[in-house]
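# Per-entry structural report
Residue-level listing of the chains:
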Amino acid sequence: MEIKERILLKAEALFWKFGTRSITMDDISRDVGISKKTLYQHFTDKDDIVYQVMLYRLEKNRENVSCYMATAHDPIEEILLASEMMRQHLAEMNPALWIDVQRHYPRAWEVCTEFKEKFLLESIRNNLKRGIEQALYRPEIDVEIMARLRMELIRMAFDTDVFPRGVTAMIEVQIQLLHHFVRGILTEKGILIYNQYVKEHQNDPASTTL
């Protein structure tokens, strides 16, 4: 692994655990085990690190979502597999991270917004369209409205004013909202398939999807 990727991974772990504002360049160089001089050879400043960490993570997320889309048997499994990716990715994340990035790192936030609007939203639209075509999702749902509702539910789970931390873990909120959303769009055929996935999960102690 090259030094720049190692820095990105270490910085990401620190940001995910503590948020961005409390982490300094000294913290990052010390955690990676390099001098600040070496750190500055790869990144101009902390803003640049936050920006590149977000680019790196979102590209990995894009690859993972594309993989799930290629391997899932149907749109229902696809969206449930995406929930597993979300669980793994968010389990150790400090909710303050997104607030920090939105308020203090506009370049990094712009990347996140672009990922949401150009990739994630389009992926949800495509999932909904395929689900309708396969008679798994109700034909009368409005794809655009439901896609944007799903995006809003994801955003809402990060809002500590709506879901205070200490009451319910953020990842549990995300999973609950996802399943509420999915159940609301299923046809009778879709419900049967969905329930089968739930049953398979319950019979698999290693599974964490549902």
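Scroll up a little and you will see the structure.
Calculation rules
Residues numbered from 1 in each chain as written. Predicted model: local features only at pLDDT ≥ 70, side-chain atom pairs only at ≥ 80, totals over all residues. Heavy atoms only, no water. Core = buried A, V, L, I, M, F, W, Y, C linked by side-chain atoms within 4.5 Å. Buried < 20%, exposed > 50% of the residue type's maximum accessible area, 1.4 Å probe, protein only. Helix = DSSP H or I, 4+ residues; strand = E, 2+ residues; numbered from the N terminus. Contact = heavy atoms within 4.5 Å. 1 Å grid on protein atoms, 1.4 Å probe; cavity = no way out; pocket = protein on both sides within 12 Å on 5 of 7 lines; lining within 4 Å. Points joined across faces, edges and corners; volume = space filled by probe spheres on them. Nonpolar A, V, L, I, M, F, W, Y, C, P; charged D, E, K, R; others polar. Lys, Arg positive; Asp, Glu negative; His and termini not counted. Salt bridge = Lys/Arg side-chain N within 4 Å of Asp/Glu carboxyl O.

What follows concerns the nonpolar core. Among soluble globular proteins, nonpolar side chains are generally buried collectively. In terms of nonpolar packing, the biggest core is built from 36 residues, with Phe 15, Ile 28, Leu 39, Ile 49 and Met 54 touching the most fellow members. Looking at this core, the elements that each hand over two or more residues are helix H1 (3–18), helix H2 (25–32), helix H4 (46–71), helix H6 (96–104) and helix H7 (106–133). In terms of residue count, the dominant contributor to this core is H4 (nine residues). Those residues in contact with Met 54 that sit more than four places away from it in its chain are Trp 16, Leu 97, Trp 98, Val 101, Ala 108 and Cys 112. Listed in part, the 24 residues of the second largest apolar core include Met 151, Leu 153, Ala 157 and Leu 177.

A word on the environment of Lys 37. Here Lys 37 is to be found in helix H3 (residues 36–42). As for Lys 37 and Tyr 56, which are separated by 19 residues in sequence, their C-alpha atoms are 22 Å apart.

What follows covers the layout of surface pockets. As a volume, the largest pocket reaches approximately 1,100 Å³. Ranked by the residues each element gives to the lining of the largest pocket, the list is headed by H7, at 10 residues. Class assignment for the residues of the lining of the largest pocket results in 22 nonpolar, nine polar and six charged.

Attention shifts here to the side chain of Asp 100. Considering the arrangement of structural elements, one finds Asp 100 in helix H6. For the buried Asp 100, which has no salt bridge, the nearest side chain bearing the opposite charge is Arg 21, at an N-O separation of 5.1 Å. Those residues in contact with Asp 100, other than ones at most four positions away along the chain, are Gly 19, Thr 20, Arg 21 and Tyr 105.

A word on the pattern of salt bridges. In total, this model carries 14 salt bridges according to the counting rule given. A salt bridge links Asp 47 to Arg 107, with the shortest nitrogen-to-oxygen separation between them at 3.7 Å. Taken together, the residues span a long stretch of sequence, with Asp 47 in helix H4 and Arg 107 in helix H7 at a distance of 60 residues. With a shortest N-O distance of 3.7 Å, Lys 118 and Glu 114 are connected by a salt bridge. Taken together, the positions of Lys 118 and Glu 114, both in helix H7 and four residues apart, correspond to about one turn of that helix. Glu 114 sits in the partly exposed class, given a relative accessible area of 41%.

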